[in-house]
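Residues per chain are reported as follows:
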Amino acid sequence: MFSYRHAFHAGNHADVLKHTVLIATLEYLLEKDAALTVVDTHAGAGLYRLDGDYADTSGEAANGVLRFFAKAKTDVPLADAIERYLAVIRDFNPRGGAKIYPGSPFIVQHLLRDHDKLKLYELHPTDAKTLDANIAQLDAGRQIAVLREDGFLSATKFLPPPSRRALVLMDPSYEIKSDYGRVLDFAGEALKRFATGTYAVWYPIIPRPEAHDLPRRLKTMATKAGKSWLHATLTVKSSKVITEPTGEVKRPGLPASGMFLINPPHTLKAKLAEALPQLVERLAQDRNASFSLDAGG
Ligand code: SAM
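The paragraphs below set out a description of the structure included in this document. (Residues numbered from 1 in each chain as written. Predicted model: local features only at pLDDT ≥ 70, side-chain atom pairs only at ≥ 80, totals over all residues. Heavy atoms only, no water.)

## A word on the side chain of Asp179
Our working rule: The helix count covers DSSP runs of H or I at least four residues long, the strand count covers runs of E at least two residues long, and both are numbered beginning at the N terminus. Relative accessibility thresholds used throughout: buried, under 20% of the residue-type maximum; exposed, over 50%; partly exposed, between the two (1.4 Å probe, protein chains only). In this tally Asp and Glu are treated as negative and Lys and Arg as positive; neither His nor the chain ends contributes. The working definition used for a salt bridge is a side-chain nitrogen of Lys or Arg within 4 Å of a carboxyl oxygen of Asp or Glu. We call two residues in contact whenever any of their non-hydrogen atoms come within 4.5 Å of each other.
Note on placement: Asp179 falls in helix α8 (residues 178–193). For the buried Asp179, no salt bridge is present, and the opposite-charge side chain at shortest range is Arg182, 4.9 Å distant. Not counting the four nearest positions on each side in its chain, Asp179 is found in contact with Phe152, Pro172, Ser173 and Tyr174.

Put into structure tokens, the structure is as follows:
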């Protein structure tokens with residue numbers, strides 16, 4: 001069984017990028033009255049404590065979302081997309097700070113209207129149980145379905161939804177390298193079934209050929225299908241592995257990640273052009289911090 005648990009990583013720089021893009025995309029899609037279906041193929045546990053045991057072990061949120069809460073306020077106003085992201089985090093922390101971090105299921109549910117639907121897939125037995133319990137507290141009835149199934153295997157069954165409006169988030173842990181290929185297969189199948197859906201893929205930027213190929217292959221897929229796309233990346237530090245004079249090998253941890261969207265909102269590129277430089281500035285861990293933003297179709 002998998003060992004990845006998102007609780008160790010909740011609120012890190014990759015979550016900041018992913019959830020900022022997710023919120024900007026969702027808010028655009030919610031401007032229209034017609035019902036929206038959101039499918040989260042890899043949901044995680046839904047809610048995380050940033051002062052809990054898991055988070056303490058890794059401290060990743062300290063170099064992620066918590067930087068926005070720890071730093072003294074400057075006069076420079078934050079980009080709208082970052083403000084919207086922080087507003088959602090604040091809603092989960094009415095007493096101030098950021099002790100509770102909402103994962104994608106809770107971020108989405110928080111923004112959805114009563115007539116929208118949310119389908120959540122989580123395969124890890126412990127996280128699926130926690131997700132179930134967290135969602136049960138919302139008393140959301142039939143608005144939310146939690147499925148303890150493989151998101152890659154059956155989530156296309158929800159496409160197209162009756163209202164023909166959907167956002168699909170694909171956010172695997174990439175613990176096994178077949179995840180890269182499975183994202184591509186899933187996105188290809190989903191696009192065939194429902195060409196006008198909005199598809200968002202998060203991926204890690206690590207020295208692995210599959211990780212570099214993924215955005216390139218998604219771009220080819222979108223272009224061949226005649227669909228628009230957007231690709232945003234955020235690097236916070238060098239990916240160099242350092243060998244100390246003692247022989248100790250120091251790995252840098254996740255240095256960068258990306259979001260690739262097919263059929264993104266037409267407003268997203270401008271929003272991210274404003275937000276990404278500020279994310280670099282706030283989340284940089286060394287001089288290698290940077291971003292990229294590209295769109296086409
Ligand atoms: N989307 C979440 C968020 O933004 O808060 C984080 C998800 S985490 C990166 C990936 C999750 O996918 C893990 O909880 C893992 O247990 C789960 N998982 C792994 N393979 C899966 C599969 N084939 N189907 C559904 N869930 C899976």
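## Looking at unusual backbone geometry
Each neighbour pair has its own omega, and for Leu159 with Pro160 the value is -10°, a cis peptide bond. Mapped onto the secondary structure, Pro160 falls in the loop between α7 (151–154) and β6 (166–170). Here Tyr174, not a glycine, exhibits a phi torsion of approximately 55°, which is positive. The topology assignment puts Tyr174 in the loop between β6 and α8. Judged by relative accessible area, Tyr174 falls into the buried class, the value being 5%.

## A short note on the site of the ligand
We count it as follows: One heavy atom suffices: a residue is near a molecule or strand as soon as one of its heavy atoms comes within 4 Å of it. In the analysis that follows, any N or O atom pair within 3.5 Å is treated as a polar contact, provided that within protein one partner can donate a hydrogen and the other can accept it, and provided that, for residues neighboring in sequence, both atoms belong to side chains. In short, Shrake-Rupley with a 1.4 Å probe defines the accessible areas, and a residue's cover is counted only from the protein chains shown.
Looking at the ligand, there are 21 residues lining it, with His19, His42, Ser104, Glu122 and Asp171 nearest. Here a nitrogen atom of the ligand sits 3.3 Å away from a polar atom, N or O, in the main chain of Leu123. One of the backbone N or O atoms of Gly151 is found 2.9 Å from a nitrogen atom in the ligand. Contact with the protein chains hides 98% of the accessible area of the ligand, taken as 610 Å² for the molecule alone.

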